[in-house]
Amino acid sequence: MALGARLEKTTKAPGLTLAGELLTLDLCGGVWLAAHRTLIVSDLHLEKGSAYAVRSGQFLPPYDTRETLACLHEAVARFDPACVVALGDSFHDARGPERMEPGDRAMVAALQEGRDWVWIAGNHDHAVTEGVGGRYAETLRIGGLTLRHEPGQDAEEGEIAGHLHPCGKVAMRGRAVRRRCFITDGRRLIMPAFGAYAGGLNVRNPVFEPLFPTGFTAHLLGDGRVFAIGRTMLAKD
Amino acid sequence: MAPTGAGKTLAGFLPSLTALAERPPARTSRGLHTLYISPLKALAVDIARNLEAPIAEMGLAIRVETRTGDTPSHKRTRQIARPPDILLTTPEQLALLIAHREAADLFAGLRCVVLDELHALVTSKRGDLLSLALARLHRLSPGLVAIGLSATVREPDDLRRYLVPQITDDEPPAPLPSAGEGDPRSGSGEGSALSGEVVPSPACSAGTLPREGGRGLADAMADLVVVHGGAPPDLHMLDTGLRLPLAGHTAWQAMPAIYDLIGRHRTVLVFVNTRLQAEYTFQELWRINEESYPIALHHGSLDATQRRRVEAAMAAGQLRAIVCTATLDLGIDWGDVDLVVNIGAPKGASRIMQRIGRANHRMDEPSKAYLVPANRFEMLECQAALDAVEAAAQDTPDARLGAPDVLAQHVLGMACADAFDPLQLYAEIVSAAPYATLSWEDFEAVVDYVATGGYALRAYERFAKIVRGADGLWRVRDARIAQQYRMNVGTIVESAKVKVRLARNVRGKPGAILPKGGRVLGEIEEDFADTLTPGDTFLFAGEVLRFEGLAEDEALATRAGPGTDPAIPSYAGAKFPLSTFLAARVRALIADPSGWDRMPGQVADYLAQQASRSVLPGPTDLLVETFPRAGRYYLTAFPFEGRLAHQTLGMLLTRRLERARMRPLGFAANDYGIAIFMTRDIGERIALEPDFLASLFAEDMLGDDLEAWLDESAMMKRTFRQCAVIAGLIERRYPGQAKTGRQVTISTDLVYDVLKKHQPDHLLLRAARQDAATGLLDVKRLGVMLRRIQGRILHKALTRVSPLSVSVMLEIGREKVYGEGADEILAEAEAQLLEEALG
């Protein structure tokens, strides 16, 4: 394609079929299951900024929680889901909920108003839901799908997981673009991290290999839409 | 102030040596008498050696020691307990010393501080840090004499203010440094054939100072001793008689002539502007090195031990030539250099004079140097530089406004030294020239930042790094915070680098490599390594390498086969923009045909062609040309304001053209101009709308458009990262420190995005904006240019490209082209997937 070729801004997000269920991969980094009116987001890492202040005395801007919640609010307003699933590591650490500012806490409550809200257990925030509403689950089944935080090594078909914060890099003509992404082989899906301060792990990292023995496609979050990128076009860090 | 080679370093020590030799024999403890600060660790070590020799010869009981990052800890401890008479160190080590619990005792008896290469120090954040340390020293030891040693600069008064406490409106005038034992005037300007003059400080005789409204700069200045230059330099432009290209920076035509010069001199320093040029020049010289002269390479990306080896061989007179970048602009006096060759554009008059001064360190003999232009434009620039040198004109930068991030670092350091009273610390800080205009409110904001991050949302009160006690004094919270400060001191933020290791091919298996085993060639910026894909070839450490991949923290590479051309054009290295002063001279040269005969004939031919095919702009005009070419429409403009300002201009113009629906596709920039290409006919648009061009270049470009672009600019993010590291928001990554997977490290880009959205007036964002004005984005210079050209835009609609435009058009494809969004790149990668699926 020629340099600077104009792109059609498409609002139609790519669809994906997993275990017979139709998934919409949204530009915000969430998955929309229209048939179940369910929105899934993963790795919110709320209160990561304040966790740094506690642990290492680094005073990162304490606005990451409200920024993450604002993005979530935008998605919720758009889809109006009957159910929201936070796919684990919703808080950066077990004491995160205690440190939340009252305003942010109210924001969570407002988001939960009138809908089912499920906190899936993560490795950072195992069994933490006190005082933050919603209900708690280790895993969740929706239709043919299994929702859990950490991708299982021998997972059943239809697993949706997070935990790894996948990120894809495209390097071309002396420029590199690195973005959060979904990664899938048609059997399972790993979601990008949703949190404002969450980092990313390159999908070419060996960690991903045993999870996708027959290869994968990454769906990178661009500025205007989601792009499907084949494995051969993805660069290592 | 003296030209290079006048022997000012030793002169700076004379008062101290005299005072120390004359003092009565030591009875008990004698404290630190003199402190010497050098920008380079190696220079401090070298000066110590040079001082020890005369001290030993004269049998003086004077102890001289160095303190650098390499000084072992037992020696550091001893230096505090039993300080030497003279201590030689760097600005970073001084910052650590004044933050030490024992600082007040250590410096109480300090008589003299010597700041070497002051002209180079004051232009950066290191100079800000040093000015704050100096303010502290003046307070700990009233009556301290500060001596600055500097090459000739444009505004010596800036340096004179830097050395002495500035008197502010809120405080009674501080006592001015008295001329006690160690009066700088007693030992200088005498005993040689050189003429010198002493300019006393106006404050010395005037006593009290005139004040202006607000926080005006009071005129407290150090005395000035000027050593006038010796013999004028023997400086020429190298004219090989060959026709030079219109663009390009390699100067390949000149290599045989340069090689010939090397053969006729003892030792030649070959200066270039970028690491890429250094690599190329080194390789070309060796290709024609039939005599096998020892020619070495020296630049900032090479392995440090490799660089030390080159320096040692040079000092020992074992080398005939060194190809080097700005890494050798300062430093050790190379005894035997008898010729300096500067390849490419000189960029600035003062810079070129300092480089020339590296040749021949005897002042009564002329320094010999050649300027080597690499293209026809650089011939103009070389001529402008020759004229400037002849007129002894200087274009060193203006005095800096102290950076807030550096101040934050200093405030934490001062809390580590001792509890501080905010009013007292404020008075001390505004006595440092770069911070003389700092308001109390801004100071309070810095203290608040240091304590809890300076956020409107008071989330970190419980974790405060410094705490105000009931007595009103601020103290550091605990030893861990003090340790954190010590680990993060300094203002030099190296971009993350990866080592380049030579990987070995597996015998009999082409394409397969052994991951380890080869030697390390040096380092490349992580940002550059990020853009490489396996198979890419690039020039490094004097050879063409093939990138094989990244393994852990190293870039593995193999030697490319003979005759391979490097495919990746360049990697980041120092690129100085053309100085405003030289730019004005170049514009004047172009505008005045009567001066053309001083330059090689091909320049006059070229300019005459431009005059007949288009037009020659006047000295203050902005020439804009528009023309169609190969299905696209081009707009070229020639502000001559340097690459950085042009890149910013290109970004902003592209945004405006986008909005005007001209469909810009991208642009390229060099030191002289920019070329923007688009799909709509820009010439036609200008013809239909007479005001279009004037509004395109209107000054309000620096308003909303700039703001919007800054918010997402990668360079702004890089600038922010540097401020965040200096101010201690995020911790430094040390070389060799294991990279802890990107999953857990926090990216400053994410921090930047969140902060600018939720607290756009935060201290660190203000610091980053202040840097952007003069740093990577050169916004300030762009502003001056836009003001200059209002009503002076000279538009020429052409049917084909003009001689001037060719030069910048040739940058397209040679350098990075801007304007390509992330989504365009991703779309192209996506298209490949579709092809695979369909194919």
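Scoring rules and cut-offs
- Residues numbered from 1 in each chain as written.
- Chains lettered and ligands numbered in written order.
- Predicted model: local features only at pLDDT ≥ 70, side-chain atom pairs only at ≥ 80, totals over all residues.
- Helix = DSSP H or I, 4+ residues; strand = E, 2+ residues; numbered from the N terminus.
- Buried ≥ 20, exposed ≤ 12 C-beta atoms within 10 Å, placed from the backbone.
- Contact = placed C-beta atoms within 7 Å.
- Pairing = 2+ DSSP bridges.
- Axes fitted to C-alpha atoms, helices over the stretch in contact; angles between N-to-C directions.
- Expected span 1.5 Å × (residues − 1).
- Left-handed = near helix turned anticlockwise from the far one by under 90°.
- Nonpolar A, V, L, I, M, F, W, Y, C, P; charged D, E, K, R; others polar.
- Parallel < 35°, antiparallel > 145°, perpendicular 65-115°, else oblique.
- pLDDT = per-residue confidence, 0-100.

Asks: Any details on the overall build of chain B? Residues and values, ideally.
Replies: Looking only at helices and strands, chain B features 32 helices and 27 strands. The 839 residues of chain B split such that 47% are buried.

Asks: Hey, could you go over the overall build of chain A for me, with residue numbers and the actual values?
Replies: Helix and strand counts for chain A stand at four helices and 16 strands. When the backbone C-alpha atoms are referred to their principal axes, chain A occupies close to 50 × 40 × 35 Å. Within chain A, counting contacts between residues at least 6 apart in sequence, those at least 24 apart form 68% of the total.

Asks: I'd like a rundown of the sheet that holds strand E25 (residues 664–669) of chain B, residues and numbers included.
Replies: All names here are of chain B. If you trace the five strands from one edge of the open sheet to the other, you get E25-E26-E24-E23-E27, paired in mixed fashion. Edge strands, defined here as strands with exactly one partner in the open sheet, are E25 and strand E27 (793–797). Neighbouring strand axes in the sheet, compared pairwise and without regard to direction, differ in orientation by 20 degrees on average. Its contacts with the sheet put helix H22 (residues 643–659) on E25 and strand E26 (674–678), and the angle it makes with E25 is roughly 170 degrees.

Asks: Please provide a residue-by-residue account of helix H2 (residues 64–79) of chain A, values included.
Replies: Here H2(A) contains 16 residues, and its C-alpha end-to-end distance of 23 Å stays within 8% of the 22 Å for a straight helix at 1.5 Å per residue. Of all the residues in H2(A), the buried ones are A:Asp64, A:Thr65, A:Arg66, A:Glu67, A:Thr68, A:Leu69, A:Leu72 and A:Ala75. If you follow the buried residues of H2(A), they end up packed against strand E4 (38–41), helix H1 (48–56) and helix H4 (102–112) of chain A together with helix H28 (748–758) of chain B. Positioned one or two residues after H2(A), A:Asp80 has a phi angle of 45 degrees, which is positive.

Asks: I'd love a proper account of the sheet that holds strand E1 (residues 15–18) of chain A, names of residues and values included.
Replies: Residue and element names in this part refer to chain A. Spatially, seven strands are ordered E1-E2-E3-E4-E5-E6-E7 in an open sheet, and the strand pairing comes out mixed. A single partner strand is all that each edge strand has here, and the edge strands are E1 and strand E7 (135–137). For this sheet, the mean inter-axis angle between neighbouring strands, taken without regard to orientation, is 25 degrees. Pairing geometry for strand E2 (residues 21–25) and strand E3 (residues 31–33), over two bridges, is antiparallel. Its bridge partner being in E3, Leu25 is matched across the sheet by Val31.

Asks: Let's hear about the packing of helix H4 (residues 91–98) of chain B against helix H7 (residues 125–140) of chain B: which residues, and what values?
Replies: Helices that pack against each other are described as a pair by the angle of their axes relative to one another and the distance between those axes. Residues and elements named next belong to chain B. For the pair H4 and H7, interaxial distance at closest approach is 9 Å and the crossing angle is 35 degrees. Viewed along their axes, H4 and H7 form a crossing whose handedness is left-handed. Here H4 contributes Pro91, Leu94, Ala95 and Ile98 to the contact with H7, which in turn contributes Arg126, Leu129, Leu130, Ala133 and Arg136. Partitioning the contact of H4 with H7 into residue classes produces seven nonpolar, no polar and two charged.

Asks: Can you explain the environment of B:Tyr633? Please cite residues and give values.
Replies: Considering the arrangement of structural elements, one finds B:Tyr633 in strand E24 (residues 632–638). In this structure, B:Tyr633 is in contact with B:Thr626, B:Pro628, B:Met678, B:Arg680, B:Asp681, B:Ile682 and B:Gly683, ignoring residues within four places of it in sequence.

Asks: Which residues make up the packing of helix H26 (residues 714–726) of chain B against helix H29 (residues 763–774) of chain B, and what are the values?
Replies: All names here are of chain B. Packing of H26 against H29 leaves a shortest axis separation of 9 Å and a crossing angle of 120 degrees. By the angle between their directions, the pair H26 and H29 is classed as oblique. Where H26 crosses over H29, the handedness of that crossing is right-handed. Contact residues: Met716, Thr719, Phe720, Cys723 and Ala724 in H26; Leu764, Ala767, Ala768, Asp771 and Ala772 in H29. Its residues assigned to classes, the contact of H26 with H29 shows eight nonpolar, one polar and one charged.

Asks: Summarise the confidence of the model for chain B; cite the residues concerned and give the values.
Replies: All names here are of chain B. Mean pLDDT over chain B works out to 82, with 83% of the residues at or above the 70 mark. Low confidence marks residues 171–194, where pLDDT is under 50. Its contacts with residues over four positions away, or in another chain, come to 56 contacts. Of the regions scoring below 50 in pLDDT, residues 735–744 engages in 13 contacts with residues more than four places distant in sequence or in other chains. What the predictor reports for the complex is a pTM of 0.82 with an ipTM of 0.88.

Asks: Hey, could you go over unusual backbone geometry for me, with residue numbers and the actual values?
Replies: All names here are of chain B. A positive phi is found at Ser292, a non-glycine position, where the angle reads about 50 degrees. Although it is not a glycine, Ala630 adopts a positive phi angle of roughly 50 degrees. One can find Ala630 in the loop between strand E23 (622–629) and E24.

Asks: Any chance you could break down the environment of B:Ile47 for me, citing the residues and the numbers?
Replies: Residues and elements named next belong to chain B. Here Ile47 shows up in helix H2 (residues 41–57). Along the backbone, Ile47 and Ala374 are 327 residues apart, and their C-alpha atoms lie at a distance of 37 Å. Every residue in contact with Ile47, bar those within four places of it in the chain, is listed here: Thr9, Tyr36, Ser38 and Leu88.

Asks: Give me the pairing of strand E9 (residues 268–271) of chain B: which residues, what numbers.
Replies: Residues and elements named next belong to chain B. Going residue by residue along E9, you find Val268 and Val270 tucked away on one face and Leu269 and Phe271 tucked away on the opposite face as well. Bridge analysis of E9 against strand E11 (residues 321–324) gives four bridges, and the strand direction is parallel. What sits directly across from Leu269, in E11, is Ile322. Direction of pairing for E9 relative to strand E12 (residues 339–343): parallel, over a ladder of four bridges. When the sheet's bridge partners are listed, Val270 is paired in E12 with Val341.

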